[in-house]
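Structural features, examined
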Amino acid sequence: MGGAHFAFTDRWGGVSAVPYEELNLGGAVGDDPAAVLANRARAARSLGLAPDRVVWMNQVHGRDVAVVDGPWGADADGGEQQVPAVDAVVTARRGLALAVLTADCTPVLLADPVAGVAAAAHAGRPGLVAGVVPAAVEAMVALGADPGRILARTGPAVCGRCYEVPAQMREAVAEVVPAARAETGWGTPAVDVVAGVHAQLAEAGVVNSSRSPVCTLESRDHFSYRRDRVTGRLAGYVWLTEDSRGATPGLPGEKKNDGS
Ligand SMILES: [Zn+2]
């Protein structure tokens, strides 16, 4: 039985310049690609991971899941394999890390340490409605995971008191996921994606779950698309090791329980 490891970055400890300072891990937000590579290597090393053993996604706010057993490599012609457009990746390969990028959306990390199956998912409002998290759990079960054993962690995300939406949009979301119906701190319609994700997890039989107390929009230590528009991306990492005794190491500049 191997240990499950979960980690979420904040924005500090990297080399990116303004407005991506400092630890931007997103490759599609206009930052210098060399800085992103350096940041990804730095973050991986601080977690005890080899940078080339981290699987990233091309996230598109859908509900498609890819099962992976290694990093995206070269294709048959020797060219670089295209990273598929999915919002969840699942693996039964211990030691392979799965990563999800966010700046307000909810990063969801899942692991069944007994079965040795892990998943990372990206759930914004569209992904919540589409059901990307239940789809990820389903894909894990197909690989031998048991929902009752799955450990779930959601990372820093915009909170329900900050995520204001038009009234009609709130009702459309609440029709599918009632738990996501929320109100802002100033009394207008809102969506609580994190609450919605946890309701979906519970419905799928995943009871061992916990959430970060950090609201990205309120925390200056985190990237927030809603607040800053042009900004970096945070990452969540999940992986399973053979050794269940190891603790999850911290990241450079990581702070606990800040914001919100
Ligand atoms: Zn908030």
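Parameters and conventions
- Residues numbered from 1 in each chain as written.
- Predicted model: local features only at pLDDT ≥ 70, side-chain atom pairs only at ≥ 80, totals over all residues.
- Heavy atoms only, no water.
- Helix = DSSP H or I, 4+ residues; strand = E, 2+ residues; numbered from the N terminus.
- Contact = heavy atoms within 4.5 Å.
- Areas by Shrake-Rupley, 256 points an atom, 1.4 Å probe, with all protein chains shown as cover.
- Salt bridge = Lys/Arg side-chain N within 4 Å of Asp/Glu carboxyl O.
- Buried < 20%, exposed > 50% of the residue type's maximum accessible area, 1.4 Å probe, protein only.
- Phe/Tyr/Trp six-rings, centres within 6.5 Å; stacked < 30°, edge-to-face > 60°.
- Lys NZ or Arg CZ within 6 Å of the ring centre and 35° of its normal.
- Core = buried A, V, L, I, M, F, W, Y, C linked by side-chain atoms within 4.5 Å.
- Pairing = 2+ DSSP bridges.
- Axes fitted to C-alpha atoms, helices over the stretch in contact; angles between N-to-C directions.

Another aspect to go through is the overall build of the chain. A tally of regular secondary structure across the chain gives 6 helices and 12 strands. Nonlocal contacts in the chain, meaning residues at least 24 apart in sequence, comprise 68% of its contacts between residues at least 6 apart. As presented, the chain carries roughly 11,000 Å² of accessible surface, and 51% of it is formed by carbon and sulfur atoms.

This brings us to the pattern of salt bridges. Taken as a whole and judged by the stated rule, the model has 7 salt bridges. A salt bridge links Glu218 to Arg161; the shortest N-O distance between them is 3.8 Å. Linking Glu218 in the loop between β11 (208-211) and α6 (225-228) with Arg161 in the loop between β8 (151-154) and α4 (167-176), this pair joins segments that are 57 residues apart in sequence. Relative accessible area serves as the criterion here: at 45%, Arg161 is assigned to the partly exposed category. Note that Arg227 and Asp228 form a salt bridge whose closest N and O atoms lie 3.1 Å from each other. Overall, the relative accessible area of 19% leaves Arg227 in the buried class. For Asp228, a relative accessible area of 29% gives the class partly exposed.

In the structure shown here, the tally under the stated rule is 1 aromatic pair. Across from the ring centre of Trp56, 3.8 Å away, lies the NZ or CZ of Arg40, which sits over that ring. If you follow Arg153 out to its NZ or CZ, it ends over the ring of Phe6, 4.9 Å from the centre.

Cis peptide bonds are those with omega within 30 degrees of zero, and the linkage from Val18 to Pro19 qualifies with 5 degrees. For Pro19, the location among the structural elements is in the loop between β1 (4-8) and α1 (33-46). The phi dihedral of Arg229 is positive, around 60 degrees, even though this residue is not glycine. Owing to a relative accessible area of 47%, Arg229 belongs among the partly exposed residues under this scheme.

Below, the discussion takes up the nonpolar core. In this structure, Leu110, Met140, Val197 and Leu201 are the most contacted members of the largest nonpolar core, which totals 32 residues. Of all the secondary structure elements, the ones that give two or more residues to this core are β4 (88-91), β6 (106-112), β7 (117-123), α3 (132-142) and α5 (193-203). Per-element accounting of this core gives the leading share, 6 residues, to α3. With residues up to four places along the chain from it excluded, the contact list for Leu201 reads Leu110, Val133, Val137, Ala152, Val206 and Ser209. Listed in part, the 18 residues of the second largest apolar core include Val55, Val86, Val89 and Leu109.

Here we take up the sheet that holds strand β3 (residues 65-67). Two pairing modes exist for strands in a sheet, parallel and antiparallel, and in both the strands are linked by backbone hydrogen bonds. Strand order in the open sheet formed by 6 strands is β3-β4-β7-β6-β8-β11, and the pairing between neighbours is mixed. Unpaired on one side and paired on the other, β3 and β11 mark the two borders of the sheet. Here the strands of the sheet are splayed against their neighbours by 15 degrees on average, with no regard to which way each runs. Where β3 lies against β4, 3 bridges are found, and the strand directions are parallel. When the bridges of β4 are listed, Val65 appears paired with Ala88. Here α5 sits on the sheet in contact with β6, β7, β8 and β11, set at roughly 175 degrees to β11.

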